[in-house]
Amino acid sequence: MTCCGGNIAADGAESAKAAHDFARAEELLHAGRSRDDGTVEYVFSVPDIHCGACISSIERTIGPMHGVRHARVNLSLKRVTVHLDPDETGPVEVATALSTLGFPAQPVDLGDLDDLERKRTDSELLKSLAVAGFASANIMLLSVSVWSGADGATRDLFHLISALIAIPAVAYAGRVFFRSAWTAVSAGRVNMDVPISLAIMLATGMSLFEAMTGGPKTYFEAATMLLFFLLIGRYLDQRMRERVRTAVVQLSRLAAKGANVALEGGETRYMPLDEIEPGMTVRVFAGERVPIDGTVIAGRSDVDRSLVTGESMPVAARTGVALEAGAMNLTGAIDLKVTNAADRSFLAEVRAMMEAAENGRGAYVRAADRAARLYAPFVHSLAAIAFVVWMVITGGDWHTSLYIAIALLIITCPCALGLAVPVVHVIGASRLFENGILMKDGAALERLAEADTVVFDKTGTLTTGTPTVTACAIDDETETRIARALAASSGHPASRALMRHLGTGALGRGENVTELPGLGVEGIFDGRRARLGRMGWVAAIADASAVSEADAGLAFAIENAPVRSVTLGEDIRAGARATIADLQDAGLETRMLSGDAPGPVERLAHGLAIDTWHAEQTPADKIGHVAALAEAGRKVLFVGDGINDAPALAAGHVSMAPSSGSDVGRTAADFVFTRDSLEAVTAARGIALRAQSLVRQNFALAALYNVIAVPIAMAGLVTPLVAAIAMSASSIVVVMNSMRLTRGAPSPDKRTAGRAIPTSTARLEAAE
């Protein structure tokens, strides 16, 4: 809620000890992970990070260090991720720098996040909260007696009893803020806990002076109540962030520690997950979770893929079916050929995106960070001015002047401003996750709310990306056997679609069966050449008088025989029509870019009511189109899935990709939706719009509070007790306002999520 630093003083002995502890821990853990760019990734657990100012302080210090190529702080998980050049620096130097800055760090095992639940921090906050609440209640009872008219010796006794309760309570409950303030000052900087600590100590010290000298007023209740409300706010903030952290930890618990690798002879050997490489074969027994991404090469089973698709109905796992890490194998043993290393699996990717959910630096976050950096100097100056002015007004009454300065320090605490953005982003990330949408950073929410143009890729985005045969002229038994043999010799999606259409049966016996990239498959059957592939290439061996000029997706012919056309289509992705209609009704322009031929693209665009479309687009063409829209002042949401879409995904103002898309496409996108329905696009936009509205409301509430509170405090109309209540109330209002995002947010239509509409582009044309 408020900014705070580390738990230890930044002295040389402590720094050296922290570095030594980390070096010892590094020997025990596989702390570093090599990256493709030659750097090594290290992750540090830093439990004393609490707000945007802490993030800025760490990144400004660690980022410019020699050998540090990347440094990013995650507030929810309280982690610092750095990419180091191993030839220039090491993790010990980073750990030492963090400790010197006041943020003691420990290494994190990349395979286990359970130690990030921060039970110690929660316990400390709850104990401090209980002490502050107990002290506040009892001191308030004594204060009521004084306010009711107790005077003389009775009043002095109540003040002394209040002092006996308040001083140990403030020392214990306030140590969270005092440690932070001392660490910041020792490191030569200030944070938001410095003026708070100053106000608490001044209020307590002045009250103790008044109690010892028989003064008429003390404000022990103000100091303890301020701590009570501050701790409530900090604990609420901790619980808000625990939403995202819990989701990550739950995902981590789904990750296996190892897998049974199949050996020659049918035996298996258990191996740690980080030793398993692509190309190996792992065996997954019934009742086990799939440990790593792979393709089924043996066995049959039913698999629960609800983690990926959001759908509870099991799917059949047969040879050739790709399965993701985290899916549950239900009924039978299967062998998988590993396709991704453990640290690049679907589950690892989802976890990484969840961890990064609030790392973004959008406009609102930057504004809040700037305000936090300016806060402490501004408040100190304002309190000093108030003290001097009231000394002049009261003719040197330093008691009154100091109490007004203390009240000003308390009431101007920008806790509400510090919470305005991160709480909304954390709740937004959690709400998106509930709807099967993963967000890379909070800044993406801001950009998504700003989008005014949506550009869709066709294949794999508006369609399922799986070709289907909609018309087939192959009906002769001999031709069917030969076509089936040619199709079985190719891995092309069109060939697989034809195999599914022709069904199981005998294969023709061919010789010299060869696949020619970009053309098709050919072979010799009973002394005659046969081809399956592009029309022009197939027609070269066919009966010229029987060659069709139709725009067929696939053609088959036996030498000197008629050409048999095979028309291909694609199923439209579930929710595509509703999504396009909703976006257009909201005033957004929709466009489609595709590398496909003009015919299929035009038919799909017409069927989905997309007026602007472009066919035969290369990746460079897509980037140019997005760039031209940006130059025209448009803010583009690009939705695509393939490797060829990755540049455009990165070039868009904001981007989304389905989890079924390529690894490169998912990496480039700002959002990834795991359900099959395209209505995830409108669901994410709806959440983004509500989040943007709530952030603006939070800023307005924080600004309105300060506009009202500062003049009142400067005028001497607020006591420290009232200031503490007002400050805490403003923070609670912001948190409660942010919580509105959990209610009524749009979600994908669960009736259609997870299944495609069985309507191909060819069927659209026929229906019209």
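Given the structure is predicted, the values throughout are model-derived calculations rather than measurements.

A. Region of interest: the overall build of the protein chain. What the protein chain contains, in helices and strands, is 27 helices and 27 strands. Burial analysis of the protein chain (768 residues in total) assigns 53% to the buried set. Contacts in the protein chain between residues at least 24 apart in sequence constitute 70% of all its contacts with a sequence separation of at least 6. For the protein chain, the computed accessible surface area is about 31200 Å², with 57% contributed by carbon and sulfur atoms.

B. Structural context of the sheet that holds strand E12 (residues 322-323). Taken together, the six strands give an open sheet; going across it, the order is E7-E6-E8-E14-E9-E12, and neighbouring strands pair in antiparallel fashion. Edge positions in the sheet fall to strand E7 (268-272) and E12, since each of these pairs with one other strand and no more. The sheet contact formed by strand E9 (residues 294-299) and E12 spans two bridges and is antiparallel. Each residue of the ladder has a partner; that of Thr 295, found in E12, is Ala 322.

C. Quick peek at the nonpolar core. Counting residues in each nonpolar core, the largest one holds 49 residues, and the members touching the most others are Leu 432, Ile 437, Phe 456, Leu 462, Leu 637, Met 656 and Phe 671. Considering each element in turn, this core owes the most residues, 10 residues, to helix H25 (residues 680-714). Setting aside residues up to four positions removed in sequence, Leu 432 forms contacts with Ile 437, Met 439, Leu 445, Phe 671, Ala 684 and Ile 687. Within the second largest apolar cluster, 43 residues are counted, among which are Leu 125, Leu 226, Tyr 403 and Ala 724.

D. A look at the sheet that holds strand E24 (residues 612-614). Taken in spatial order, the seven strands line up as E15-E27-E26-E25-E16-E23-E24 in an open sheet, and their pairing is mixed. Only two strands of the sheet have a single partner each, and these edge strands are strand E15 (437-439) and E24. Geometrically, the sheet is characterised by an average inter-axis angle of 20° between neighbouring strands, direction not taken into account. Bridging between strand E25 (residues 636-639) and strand E26 (residues 654-658) involves three bridges; their strand directions are parallel. Counted as the bridge partner of Val 639 is Met 656 from E26. Along the sheet face, helix H14 (residues 422-434) touches E15 and strand E27 (671-673) and points at about 150° away from the line of E15.

E. Quick look at helix H3 (residues 91-101). Residues of H3 that are buried: Pro 91, Val 94, Ala 95, Ala 97, Leu 98, Ser 99 and Leu 101. Just downstream of H3, Gly 102 is the residue with a positive phi angle, here 105°.

F. Structural view of unusual backbone geometry. Phi is positive for Asn 512, which is not a glycine, with a value near 55°. Inspection of the secondary structure assignment puts Asn 512 in strand E18 (residues 510-516). Given the relative accessible area of 64%, Asn 512 is considered exposed. Of note, the phi angle at Ala 609 is positive, near 65°, even though the residue is not glycine. Its relative accessible area of 42% is what places Ala 609 among the partly exposed residues.

G. Seen up close, helix H18 (residues 493-502). Taken residue by residue, H18 has Ala 494, Ser 495, Ala 497, Leu 498 and Leu 502 as its buried positions. Down the axis of H18, the buried side of the element spans an arc of 160°, and every buried residue falls inside it. Of the residues flanking the end of H18, it is Gly 503, one or two places downstream, whose phi is positive at about 80°.

H. Main features of the pairing of E26. Counting buried positions along E26 yields five of five residues, so the element is predominantly enclosed. The two faces of E26 match: Val 654, Met 656 and Pro 658 on one face and Ser 655 and Ala 657 on the other face are all buried. Relative to E27, E26 runs parallel, the two being bridged by three bridges. Within E27, the position partnered with Met 656 by the bridge is Phe 671.

I. Local environment of a nonpolar patch on the surface. There is a patch of nonpolar side chains on the surface, built from Leu 704, Val 707, Ile 708, Ile 712 and Leu 717 and spanning about 490 Å² of accessible area. Positionally, Ile 708 belongs in helix H25. For Ile 708, a relative accessible area of 46% gives the class partly exposed.

J. Fine view of the environment of Val 566. For Val 566, the position within the fold is in strand E22 (residues 564-572). The exposure class of Val 566 is buried, given its relative accessible area of 0%.

K. Looking closely at the pairing of E22. Strand direction decides the pairing type here: strand E21 (residues 554-558) and E22, joined by three bridges, are antiparallel. Counted as the bridge partner of Leu 554 is Val 566 from E22. Between E21 and E22, which pair antiparallel one after the other, the connecting turn spans five residues, and Asn 560 there sits at a positive phi close to 65°.

L. Expanded view of the packing of helix H17 (residues 477-488) against H18. Following both chains from N to C, one finds H17 and H18 inclined at 140°, their axes separated by 9 Å at the closest point. Classified by the angle between their axes, H17 and H18 sit oblique to one another. Regarding H17 and H18, the two cross each other, and that crossing is left-handed. Contact residues: H17 offers Thr 480, Ala 483, Arg 484, Ala 487 and Ala 488, while H18 offers Ser 495, Leu 498, Met 499 and Leu 502. For the contact of H17 with H18, the residue count by class is six nonpolar, two polar and one charged.

M. Layout of the pattern of salt bridges. Following the criterion strictly, the structure yields 16 salt bridges and no others. Notably, a salt bridge pairs Asp 457 with Lys 622, separated by 3.2 Å at the nearest N-O pair. With Asp 457 in strand E16 (residues 453-457) and Lys 622 in helix H22 (residues 619-631), this pair connects stretches of sequence that are 165 residues apart. With respect to class, Asp 457 is no different from Lys 622; both count as buried. For Glu 522, the salt bridge goes to Arg 529, with nearest N and O atoms at 3.5 Å. Through salt bridges with shared partners, a single ionic network connects Asp 452, Glu 589, Arg 591 and Arg 634.

N. Layout of the packing of aromatic side chains. Per the stated rule, a full pass over the model turns up one aromatic pair. Here the basic side chain of Arg 175 rests over the ring of Tyr 172, its NZ or CZ set 4.0 Å away from the ring centre.

O. Structural detail: the environment of Val 194. You can see Val 194 is positioned in helix H7 (residues 193-213). On the accessibility criterion, Val 194 (13% relative accessible area) is buried. Once residues lying within four places of it in the same chain are set aside, the contact partners of Val 194 are Ala 181, Val 185 and His 380.

P. Geometry of the side chain of Lys 458. On the secondary structure map, Lys 458 appears in helix H16 (residues 458-462). Owing to a relative accessible area of 1%, Lys 458 belongs among the buried residues under this scheme. Beyond its immediate chain neighbours, meaning those up to four positions away, Lys 458 contacts Thr 463, Glu 570, Met 592, Leu 593, Ser 594, Asp 596, Pro 600, Val 601 and Leu 604.

Conventions used here
- Residues numbered from 1 in each chain as written.
- Predicted model: local features only at pLDDT ≥ 70, side-chain atom pairs only at ≥ 80, totals over all residues.
- Heavy atoms only, no water.
- Helix = DSSP H or I, 4+ residues; strand = E, 2+ residues; numbered from the N terminus.
- Buried < 20%, exposed > 50% of the residue type's maximum accessible area, 1.4 Å probe, protein only.
- Contact = heavy atoms within 4.5 Å.
- Areas by Shrake-Rupley, 256 points an atom, 1.4 Å probe, with all protein chains shown as cover.
- Pairing = 2+ DSSP bridges.
- Core = buried A, V, L, I, M, F, W, Y, C linked by side-chain atoms within 4.5 Å.
- Axes fitted to C-alpha atoms, helices over the stretch in contact; angles between N-to-C directions.
- Arc of directions from axis to C-beta.
- Patch = residues over 30% accessible without salt bridge, like charges linked within 9 Å, V, L, I, M, F, W, Y side chains within 5 Å.
- Salt bridge = Lys/Arg side-chain N within 4 Å of Asp/Glu carboxyl O.
- Parallel < 35°, antiparallel > 145°, perpendicular 65-115°, else oblique.
- Left-handed = near helix turned anticlockwise from the far one by under 90°.
- Nonpolar A, V, L, I, M, F, W, Y, C, P; charged D, E, K, R; others polar.
- Phe/Tyr/Trp six-rings, centres within 6.5 Å; stacked < 30°, edge-to-face > 60°.
- Lys NZ or Arg CZ within 6 Å of the ring centre and 35° of its normal.

Fair warning: the whole summary comes from geometry, so function is off the table for now.
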